[in-house]
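Results of the structural survey
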Amino acid sequence: MTHTPTDVLRSRWLDALLPHIAFDGWTDAAAALAAREAGLSAGEQALAAPHGVIDLIEAFFAAAEAEAAATLAAQDLSALRVPDKVKRGVLAWLAALEPNREAVRRAAARGFLPWGAGPAVQRTWSVADMVWTAAGDTATDYNRYSKRGLLAATIPGIVMYWLDGPTPDDLDAYISRRLRQASGAGRTAGKVVSPVLDALKAVRRGAKPSERGQGQ
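What comes next concerns the included structure. As a convention, each chain's residues are numbered from 1 in the sequence order in which they are written. For this predicted model, a pLDDT threshold of at least 70 governs which residues receive local features, and a threshold of 80 or more governs which side-chain atom pairs are given and counted, while totals over whole chains, interfaces and linings are taken from all residues. Where side-chain values are given, they derive from all heavy atoms of the structure, hydrogens and water being excluded.

Remarks on the overall build of the protein
Numbering goes from the N terminus for both helices and strands, where a helix is a DSSP run of H or I of at least four residues and a strand is a run of E of at least two. Counting its secondary structure elements, the protein contains 10 helices and 0 strands. From first element to last, N terminus to C terminus, the protein shows the α and β order α-α-α-α-α-α-α-α-α-α. Burial status across the protein gives 42% buried among its 216 residues. Whether two residues are in contact is decided by their heavy atoms: any pair within 4.5 Å suffices. Taking all contacts inside the protein whose residues are at least 6 apart in sequence as the whole, residues at least 24 apart take part in 73%. Burial status follows relative accessibility: with a 1.4 Å probe on protein chains alone, a residue under 20% of its type maximum counts as buried, one over 50% as exposed, and anything between as partly exposed.

Focus on the pattern of salt bridges
We define a salt bridge as a contact between a side-chain nitrogen of Lys or Arg and a carboxyl oxygen of Asp or Glu at a distance within 4 Å. The final tally for this structure, using the stated rule, is 12 salt bridges. In this structure, Arg 81 and Asp 84 form a salt bridge, with 3.3 Å as the shortest nitrogen-oxygen distance. With relative accessibility at 25%, the residue Asp 84 sits in the partly exposed group. Between Asp 129 and Arg 148 there is a salt bridge whose closest N-O contact spans 2.6 Å. In this pair, Asp 129 is assigned in helix α7 (residues 118-134) and Arg 148 in helix α8 (residues 142-163), connecting sequence segments 19 residues apart. The exposure class of Asp 129 is partly exposed, given its relative accessible area of 22%. A single salt-bridge network, built from bridges that share partners, covers Asp 129, Asp 137, Arg 144, Lys 147 and Arg 148.

Topic: the packing of aromatic side chains
Centre distance within 6.5 Å is the pairing criterion for rings of Phe, Tyr and Trp, where only the six-membered ring of Trp is used; planes under 30 degrees apart are then read as stacked, over 60 as edge-to-face, and the remainder as tilted. Tallied over the full model, the rule gives 4 aromatic pairs. Ring geometry for Trp 125 against Tyr 145: centres 6.3 Å apart, planes inclined by 25°, an arrangement best described as stacked. Of this pair, Trp 125 sits in helix α7 while Tyr 145 sits in helix α8, placing them 20 residues apart in sequence. Judged by its relative accessible area of 10%, Trp 125 falls in the buried class. On the basis of relative accessibility, which here comes to 39%, the residue Tyr 145 falls in the partly exposed class. With centroids separated by 4.0 Å and ring planes inclined at 10°, the aromatic side chains of Tyr 161 and Tyr 174 adopt a geometry described as stacked. Here Tyr 174 lies in helix α9 (residues 168-183) and Tyr 161 lies in helix α8, a separation of 13 residues in the sequence. Overall, the relative accessible area of 13% leaves Tyr 174 in the buried class. Among the aromatic residues, those joined into a ring-pair cluster are Trp 26, Phe 60 and Phe 61. Between Arg 101 and the ring centre of Trp 162, over which it is positioned, the NZ or CZ distance is 4.4 Å. Charges are assigned to positions over rings by a cutoff of 6 Å between ring centre and Lys NZ or Arg CZ, combined with an angular limit of 35 degrees from the ring normal. The side chain of Lys 147 reaches across the aromatic face of Trp 132, ending 5.2 Å from its centre.

What follows is the structure, given as structure tokens:
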């Protein structure tokens with residue numbers, strides 16, 4: 001996997017920041033301290049995370065997602081039922097977050113969970129897409145969006161339950177129950193999926209002006 005200079009700088013910054021999160025949270029002060037420890041100049045900070053802490057939070061969750069995807073790619077899931085493949089994907093993602101559980105908790109305290117902010121909505125969808133792709137789903141029609149939308153709608157609740165430190169068996173059972181509820185949504189699927197899709201579309205529409213501005 002190719003890493004750009006921006007990726008390398010952001011990773012350095014994030015590695016220096018994570019040890020401070022449990023005590024200071026995702027704050028500008030903690031980020032500034034971590035930047036000094038990582039030896040990043042003001043210009044390098046601007047390149048690595050132009051939006052500051054929000055970009056570092058996004059990088060944190062993106063790294064966990066990438067780790068989970070790599071873990072799943074190395075496993076043979078072919079013998080599993082589809083619901084079990086999806087559950088395996090969710091568990092792999094939580095396992096990638098586990099070493100930094102407090103960072104997730106602090107992200108929740110900042111309002112990043114349960115995925116109410118724009119970047120967080122996109123991240124939730126991305127995680128759901130990663131899980132379903134690892135499960136072998138190749139649908140391109142409405143089913144693709146309904147599957148991912150239903151899973152994305154369950155992720156916030158699963159994460160909040162996981163943050164309470166359940167036993168592995170309790171977590172497994174909880175995820176299974178939530179996935180059964182999602183798969184049984186049936187006629188009400190549109191009511192569950194539509195808000196997620198609408199939020200994602202709204203975020204993308206809202207991003208266009210800034211994206212144009214960045215190119216000027």
